[in-house]
Each structure stands twice: as C-alpha cells, then as structure tokens.
Amino acid sequence: MSATAQPTSPHVMNTYGRLPIALSHGQGCRVWDTAGKAYLDGLGGIAVNTLGHNHPELVPALQDQISKLIHSSNYYHVPGQEQLAAKLTELSGLTNAFFCCTGLEANEAALKLARKFGHDKGIERPEIVVYEAAFHGRSIATLSATGNPKVQAGFGPLVEGFIRVPLNDIEALKKATEGNPNVVAVFFETIQGEGGINPMRWEYLKQVRALCDQRDWLMMIDEVQCGMGRTGKWFAHQWAGIKPDVMPLAKGLGSGVPIGAVVAGPRAANIFGPGNHGTTFGGNPLAMRAGIETIRIMEEHKLLENAAAVGEHLKAALEREIGGLAGVKEIRGQGLMLGIELDRPCGVILNRACDAGLLLSVTADKVIRLVPPLILSIAEADEIVAILAPIVKTFLSEPAAQ
C-alpha cells in the first residue's frame, strides 16, 4: 500500500500502534485489506475468530438471529443464556454462568466474586493472589491484577488487595501467603497470553488446586485467551485434570461476536444474588446465538482435535526451521497458541510479516505470538512457517539494536 493511500483514523483516540492497513473482508483463514492485498491470518483477531471468517454455518445463524432479536435486556429471561450456560457447564463440569461482553468484564466479575466470598466469611479486606507477567485487562481492578508495569504506568493509584507471586513455584506461593487470614483466592491464566505464552505446569496446577482446597480459597482460572478449544481441550486447565471454582471466558467463545462469561463451580455458584452484579449488553440474544453456534460447529467439525494436531505440526515445523538458530530462546505453547521467544525485542517482525502477507503479533517485547483460527489446515500451517521462518532468520542475522 502506498504511503498516500494508507488508512488513517484522525477522529479516533490514539490508543493503538496500528499497522498501516485496514481489512475489508475474509474467508476461512485469509483476509483482504481495502487495497486488495491478501493475508494469511495467524492472529485470529487475537484468538477471537475461532471459526475463521465468513463461516458458511455461522453467518446464516447470525443473520437469522439478527432478523429476530438482537437485544432485549436482562429484565427478562433470555432462552439462549440458559442454553449456552447449560453447554458450558457440561463442557467444564461446573455449575452455572454469568454472561457479559468482554474478557475484562469476565475477569472483573471474578474479582468481585472473590471479594464477596471473603466478605461473606467475615474478611473485611480480602486479598487475591496474582502472578508476575499476568494480563487480566485494562480496567482499574483488572489492571491492578495484571503483572505488567508498562501498562500500569500512569494509572495509579492501583487497587489494593493483590499479592503477586512467580509462576510455577508452589513454595513461593506458600511463603507469600503464610499466616495471612485475608487471602480468599488465587487468580491466574493457564497459559499467559499477553505475558509471552507462558504455561503453568500441570503439576503446579494440581498443587495450587490442593492448596486452595486446604485453605478454603477460590481457584480462579482466566481462560479468556487459552480456553475454548485453543489448546486441544475445551479449557487449557483440563490438561491437568483439575476444575477451577471460577473460570472467566471470552475471545473465542463467540467467534468474533463480543461475548464474555464467568463459569462458576459449586463453591462460587451462589455468591452473587440479585443486585450484586449486572450488565446491559451482556447475554443478549445475538451473542448467545453466536456462542451456541460456535460450540456446535466446533463439536461437529472436531476443531479441538484439529487444534491439537495442526498445532503440534506447526510447532514441530517451527522447531525444525528456526528452533536451532542462535537468538531463538524457546518455542512454546500448546495447540494453536504458540509463542516464539527471541533474545531481543522483535516488534519489527510484526510489520515485516504483514508486508509478507502474514498477520501475527509480538507480545512481551520479544515473543512472536501465533493464535490463528482453529480451522487452520496443515497446508496453511506450513504456509505460516514458509513466510515466517525467513523473516526470523533475516532479523536474527542483523545487528541487535542498542
């Protein structure tokens, strides 16, 4: 795209470092910009477009729903809420669900659940354990739970009541909470997304579950990015054979339609009562239909199995092509949630990949993140590697920026 034709947004707040393109339409795992250039979508709207673009079963279902009812409000029963909640509890083994619009809202609701859980037990100033490098959102409360000083800068004072610990260190967790009667919950992502695709070890998850049971804490697992089949199971924590008490969801749940949910187990299912929490847009009929149809299509097309198989193939191909390069520290993740950590900041790769027709992101400064639609094929995974590997090789051959 020529410099004179680059899209601009002068009336939109300058909150994003945007690439100089605007997308027009998509089909499957490909999108086109307004100048007609095609891209392979390795980002999936940041793990949102589960079914890719213009899915032949999702689109007619949404069109049907739009012709009937988009929004009604939560003054009334919304049949789709019960249908989707029943499905999510079936898939998770939990009890009930609250619906909102975003992952931030789902995480905010989880924090409120934890605080009320504490207050109901007579704890005046409840505290929640959170993790280094975590990302839970950009509201004041979720920002306070986040472990990234860069995104917190300029927004103090942050909310109190959080205890921060390192990943995968059960002794550090025990030490940080020893003798503290105010702790009410442990809150974490099974695989940190914005933090750099950092997985919690399965054994550690089991240890945290046991500690929460022992100390009567809520185990709250943020599956906003790593959930909804992305790792090859419905929810990433299921690889460890555990169940949380509270599980925020969003992103891939509606395959592009804004939807968030908090799914709760028996210990948290009845903490909220009428008036304790609410939403205007959350749980609207359109969003519920999107969630119901997304899950149906995922099941019928065996997209969990596809995510596991294609993700394994993609990871192996990346290891083969660039894993041994000096400067590639680690290729990690599971299913179609992969990160390539380099030994230096690599934000320029975002632009170079875009120029080469591949959409991805760079997170935590040094980690190339791939979270494509779960419909990605083996051939498309090979195409990702064919585009990305030369870019990484060229980048690592250049003198590191001082």
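Residues numbered from 1 in each chain as written. Predicted model: local features only at pLDDT ≥ 70, side-chain atom pairs only at ≥ 80, totals over all residues. Heavy atoms only, no water.

- Under the annotation held in an unreviewed UniProt entry, the protein chain carries the name Acetylornithine aminotransferase and is attributed to Variovorax beijingensis.
- Under the UniProt heading Subunit (unreviewed entry), the note attached to the protein chain is "Homodimer."
- Listed in UniProt under the heading Subcellular location (unreviewed entry), the comment for the protein chain reads: "Cytoplasm". (UniProt positions renumbered as here; feature names shortened; annotations may be inferred.)

## Describing the nonpolar core
(1) Moving on: The biggest cluster of nonpolar side chains holds 63 residues, and the ones touching the most others in it are Leu-318, Leu-342, Ile-349 and Leu-388.
(2) Moving on: Examining the composition of this core, we find that 10 residues originate from one element, helix H12 (residues 378-397), more than from any other.
(3) Moving on: Aside from chain neighbours lying at most four places away, what touches Leu-318 is Gly-323, Ile-331, Leu-338, Ile-340, Leu-370, Val-385 and Leu-388.
(4) Moving on: Grouped together as the second largest cluster of nonpolar side chains are 24 residues, Ala-106, Ile-128, Phe-162 and Ile-271 included. (Core = buried A, V, L, I, M, F, W, Y, C linked by side-chain atoms within 4.5 Å. Buried < 20%, exposed > 50% of the residue type's maximum accessible area, 1.4 Å probe, protein only. Helix = DSSP H or I, 4+ residues; strand = E, 2+ residues; numbered from the N terminus. Contact = heavy atoms within 4.5 Å.)

## Side note on the sheet that holds strand S2 (residues 30-33)
Picture the strands of a sheet paired through backbone hydrogen bonds; they go either parallel or antiparallel.
(1) Moving on: Overall, mixed pairing links the four strands, which are arranged S1-S2-S3-S15 in an open sheet. The strands lining the two open edges of the sheet, one partner per strand, are strand S1 (23-27) and strand S15 (358-359). (Pairing = 2+ DSSP bridges.)

## With respect to the UniProt feature "modified residue: N6-(pyridoxal phosphate)lysine" (unreviewed entry) in the protein chain
(1) Moving on: Per the UniProt entry, the sites bearing "modified residue: N6-(pyridoxal phosphate)lysine" (unreviewed entry) are Lys-251 in this numbering.
(2) Moving on: Position of Lys-251 relative to the elements: it lies in the loop between strand S11 (246-249) and strand S12 (260-264).
(3) Moving on: The contacts of Lys-251, once residues within four sequence positions are left out, are Ile-46, Ala-47, Val-48, Val-224, Gln-225 and Ile-259.
(4) Moving on: At 3.3 Å, the side chain of Lys-251 forms a polar contact with the backbone oxygen of Ile-46. (Polar contact = N/O pair within 3.5 Å; in protein donor to acceptor, adjacent residues only side chain to side chain.)

## A word on the packing of aromatic side chains
(1) Moving on: Summed over the entire model, instances satisfying the criterion amount to four aromatic pairs.
(2) Moving on: With centroids separated by 5.8 Å and ring planes inclined at 75°, the aromatic side chains of Tyr-131 and Phe-188 adopt a geometry described as edge-to-face. With Tyr-131 in strand S5 (residues 127-131) and Phe-188 in strand S7 (residues 183-189), this pair connects stretches of sequence that are 57 residues apart. The residues Tyr-131 and Phe-188 share a single accessibility class, namely buried.
(3) Moving on: Plain terms: the ring middles of Tyr-131 and Tyr-204 are 6.4 Å apart, the flat faces sit at 90° to each other, and that makes the pair edge-to-face. Here the residue Tyr-131 occupies a position in strand S5, and Tyr-204 occupies one in helix H8 (residues 202-215), the gap between them amounting to 73 residues. This pair shows no difference in class: Tyr-131 is buried, exactly as Tyr-204 is.
(4) Moving on: Feature note: the residues Tyr-131, Phe-188 and Tyr-204 constitute an aromatic cluster, connected by ring pairs. (Phe/Tyr/Trp six-rings, centres within 6.5 Å; stacked < 30°, edge-to-face > 60°.)

## Considering the pattern of salt bridges
(1) Moving on: Tallying each qualifying case throughout the model produces 26 salt bridges.
(2) Moving on: Linking Arg-267 and Asp-245 is a salt bridge whose minimum nitrogen-to-oxygen distance equals 3.1 Å. With Arg-267 in the loop between S12 and helix H9 (285-300) and Asp-245 in the loop between strand S10 (218-222) and S11, this pair connects stretches of sequence that are 22 residues apart.
(3) Moving on: Here Glu-341 makes a salt bridge to Lys-329, at a shortest N to O gap of 3.8 Å. Separated by 12 residues along the polypeptide, Glu-341 in strand S14 (residues 337-342) and Lys-329 in strand S13 (residues 328-334) bring together distant segments of the chain.
(4) Moving on: In the salt-bridge network here, residues are joined through shared partners; they are Glu-57, Asp-64, Lys-68, Arg-289, Glu-293, Arg-296 and Glu-300. (Salt bridge = Lys/Arg side-chain N within 4 Å of Asp/Glu carboxyl O.)

## Regarding the packing of helix H10 (residues 303-322) against H12
To describe two helices that pack against each other, one gives the angle between their axes and the distance between the axes.
(1) Moving on: Where H10 meets H12, the axes come as close as 9 Å, and the angle between the chain directions of the two elements is 25°. Between H10 and H12, the angle is such that the two are roughly parallel. Here H10 runs over H12; the crossing is right-handed. Two secondary-structure elements touch here, H10 through Val-310, His-313, Leu-314, Ala-317, Leu-318, Glu-321 and Ile-322 and H12 through Ile-378, Ala-381, Asp-382, Ile-384, Val-385, Leu-388, Ala-389, Val-392 and Lys-393.
(2) Moving on: By residue class, the composition of the contact of H10 with H12 is 12 nonpolar, one polar and three charged. (Axes fitted to C-alpha atoms, helices over the stretch in contact; angles between N-to-C directions. Parallel < 35°, antiparallel > 145°, perpendicular 65-115°, else oblique. Left-handed = near helix turned anticlockwise from the far one by under 90°. Nonpolar A, V, L, I, M, F, W, Y, C, P; charged D, E, K, R; others polar.)

## So, unusual backbone geometry
(1) Moving on: Following Gly-156, the chain continues to Pro-157 via a peptide bond in cis, the omega torsion being 0°.
(2) Moving on: Tracing the backbone shows Pro-157 in the loop between helix H6 (149-152) and strand S6 (162-165).
(3) Moving on: The phi torsion at Ala-47 lies on the positive side, around 65°, for a residue other than glycine.
(4) Moving on: Locating Ala-47 in the fold gives a position in helix H1 (residues 44-47).
(5) Moving on: With phi around 50°, Ser-255 is a residue other than glycine that occupies positive phi space.
(6) Moving on: Topologically, Ser-255 is positioned in the loop between S11 and S12.

## Side note on empty space enclosed by the protein
(1) Moving on: A complete count under the given rule lists one cavity of 30 Å³ or more for this structure.
(2) Moving on: A volume near 30 Å³ is recorded for the largest cavity.
(3) Moving on: Considering the residues around the largest cavity, the lining is formed by Ala-47, Thr-50, Val-224, Gln-225, Gly-227, Met-228, Arg-230, Lys-251, Gly-252 and Leu-374.
(4) Moving on: In terms of residue class, the lining of the largest cavity is built from four nonpolar, four polar and two charged. (1 Å grid on protein atoms, 1.4 Å probe; cavity = no way out; pocket = protein on both sides within 12 Å on 5 of 7 lines; lining within 4 Å. Points joined across faces, edges and corners; volume = space filled by probe spheres on them.)

## Observations concerning the environment of Glu-189
(1) Moving on: Mapped onto the elements of the fold, Glu-189 is located in strand S7.
(2) Moving on: Under the relative-accessibility criterion, Glu-189 is labelled buried at 6%.
(3) Moving on: Taking the C-alpha atoms as reference points, Glu-189 and Val-263, 74 residues apart in sequence, are found 15 Å from one another.
(4) Moving on: Leaving out residues up to four positions away in the same chain, Glu-189 has contacts with Ala-134, Phe-135, His-136, Met-200 and Asp-222.
(5) Moving on: From its side chain, Glu-189 meets the backbone nitrogen of Phe-135 in a polar contact 3.1 Å long.

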